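Residue-level listing of the chains:
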Amino acid sequence: MERLKDFDLSWYTKDDLIDLLEEYPNLFEMSAEELKKLVREKYFDAQYHIERANRLENDASAIEKYLK
């Protein structure tokens, strides 16, 4: 994307930003506050999924131990 060529970002970060445009077509027009809010929401969502994954692993481990 032409707009990203002036930023000192890795190629994979640029790819991620381009992918994010599908979900957030106005990403490059968002204000700093809107972007900060989006960052918080993404980290919160990630934390939820980490905790959920940990719980699922614990459940699987408990069942596996019971099975043995």
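Residues numbered from 1 in each chain as written. Predicted model: local features only at pLDDT ≥ 70, side-chain atom pairs only at ≥ 80, totals over all residues. Heavy atoms only, no water.

Points about the nonpolar core
Grouped together as the largest cluster of nonpolar side chains are five residues: Leu 21, Tyr 24, Leu 27, Met 30 and Leu 38. For Tyr 24, the contacting residues outside a window of four places in its chain are Met 30, Leu 38 and Lys 42. (Core = buried A, V, L, I, M, F, W, Y, C linked by side-chain atoms within 4.5 Å. Buried < 20%, exposed > 50% of the residue type's maximum accessible area, 1.4 Å probe, protein only. Contact = heavy atoms within 4.5 Å.)

Thoughts on the packing of aromatic side chains
The full count for this structure, using the stated rule, is one aromatic pair. Between Trp 11 and Tyr 12, the aromatic rings sit 5.5 Å apart at their centres with planes inclined by 85 degrees, giving edge-to-face as the arrangement. Among the residues examined, Tyr 12 registers a relative accessible area of 48% and is labelled partly exposed. (Phe/Tyr/Trp six-rings, centres within 6.5 Å; stacked < 30°, edge-to-face > 60°.)

Comments concerning the pattern of salt bridges
Throughout the structure, instances matching the rule amount to five salt bridges. Between Glu 23 and Lys 42 there is a salt bridge, with the nearest N and O atoms lying 3.6 Å from each other. Remark: Lys 42 occurs in helix H2 (residues 32-67) and Glu 23 occurs in helix H1 (residues 11-23); sequence separation between them is 19 residues. Here Glu 33 makes a salt bridge to Lys 36, at a shortest N to O gap of 3.7 Å. With Glu 33 and Lys 36 both in helix H2 and three residues apart, this pair spans about one turn of that helix. According to the relative accessible area criterion, Glu 33 is exposed, its value standing at 53%. (Salt bridge = Lys/Arg side-chain N within 4 Å of Asp/Glu carboxyl O. Helix = DSSP H or I, 4+ residues; strand = E, 2+ residues; numbered from the N terminus.)

Things to note about the environment of Phe 44
For Phe 44, the location among the structural elements is in helix H2. With 39 residues separating them along the chain, Phe 44 and Lys 5 place their C-alpha atoms 30 Å apart.

Points about a negative patch on the surface
A cluster of acidic residues, Asp 15, Asp 16, Asp 19 and Glu 22, forms a negative patch at the surface. Along the chain, Asp 15 falls in helix H1. According to the relative accessible area criterion, Asp 15 is partly exposed, its value standing at 37%. (Patch = residues over 30% accessible without salt bridge, like charges linked within 9 Å, V, L, I, M, F, W, Y side chains within 5 Å. Areas by Shrake-Rupley, 256 points an atom, 1.4 Å probe, with all protein chains shown as cover. Lys, Arg positive; Asp, Glu negative; His and termini not counted. Charge placed at Lys NZ, Arg CZ, Asp CG, Glu CD.)

These figures come from the coordinates and say nothing about function on their own.
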